[in-house]
Amino acid sequence: MILDILAINGALENQPVNQITGATAIFDYDGFNLRSFQAHTPGWVLMFVETFMNAFSARIKVVHVVNAPSLFLAVFKIAYPFFPKKIQERIFVHPNDGWKSLHSEIPLEILPEKYGGNMKFDSCINLLEDIEKLEDQFLRIFKYGYIKTKTNRQSFKPLSLQK
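Rules used throughout
- Residues numbered from 1 in each chain as written.
- Predicted model: local features only at pLDDT ≥ 70, side-chain atom pairs only at ≥ 80, totals over all residues.
- Heavy atoms only, no water.
- Pairing = 2+ DSSP bridges.
- Helix = DSSP H or I, 4+ residues; strand = E, 2+ residues; numbered from the N terminus.
- Axes fitted to C-alpha atoms, helices over the stretch in contact; angles between N-to-C directions.
- Phe/Tyr/Trp six-rings, centres within 6.5 Å; stacked < 30°, edge-to-face > 60°.
- Buried < 20%, exposed > 50% of the residue type's maximum accessible area, 1.4 Å probe, protein only.

Draft legend 1. Spotlight on the sheet that holds strand β2 (residues 60-66). Spatially, the 3 strands line up as an open sheet ordered β1-β2-β3, and their pairing is parallel. Lying at the two open borders of the sheet, with one neighbouring strand each, are β1 (23-28) and β3 (91-93). Direction aside, neighbouring strands of the sheet carry axes that sit 15° apart on average. Direction of pairing for β1 relative to β2: parallel, over a ladder of 6 bridges. The partner of alanine 25 across the bridge, within β2, is valine 63.

Right, here's the structure in full:
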């Protein structure tokens, strides 16, 4: 989950371009197992979906889900009716059909070789390329989070709110 957050933060670093052109995302669940599924608690999933739909500042044109396990598909079928129609039209879950359905949606010229496309991995934007630098930057941005003691919390409040 931390990698998800770091990758999304990396995408937002290139925000002006992403807002203008939009982004096509491929969520690959290859290697997703029961332990991975347990990490996706209902609260985390709700937060992710709410953020994705209401607070994500980059324009998402379409999301393609590949290699989805049956457990994911069952949960997705339950949640799907609750998505707004606009979001429903942007999410595609592809069957394991040798990438045929994915190829019908994304041109091979811009699809990575991993998915049967023509683009070399080196040409792709790797949002986690320098993971240590991303983590340091992320922690620096959020270093003013939860403060344990009441005295310290009050010291960060504006003077008009202090009693």
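Draft legend 2. Layout of the packing of aromatic side chains. Under the definition given, this model contains 6 aromatic pairs. Between tyrosine 29 and phenylalanine 72 the ring centres are 4.6 Å apart and the planes differ by 35°, which places this aromatic pair in the tilted class. Note that tyrosine 29 is positioned in the loop between β1 and α3 (34-39) and phenylalanine 72 in helix α5 (residues 70-79), a separation of 43 residues in sequence. Owing to a relative accessible area of 15%, phenylalanine 72 belongs among the buried residues under this scheme. The rings of Tyr29, Phe32, Phe72, Phe76, Tyr80 and Phe83 are connected pair by pair, giving a single aromatic cluster.

Remember that the coordinates give geometry; whether it matters functionally is a separate question.
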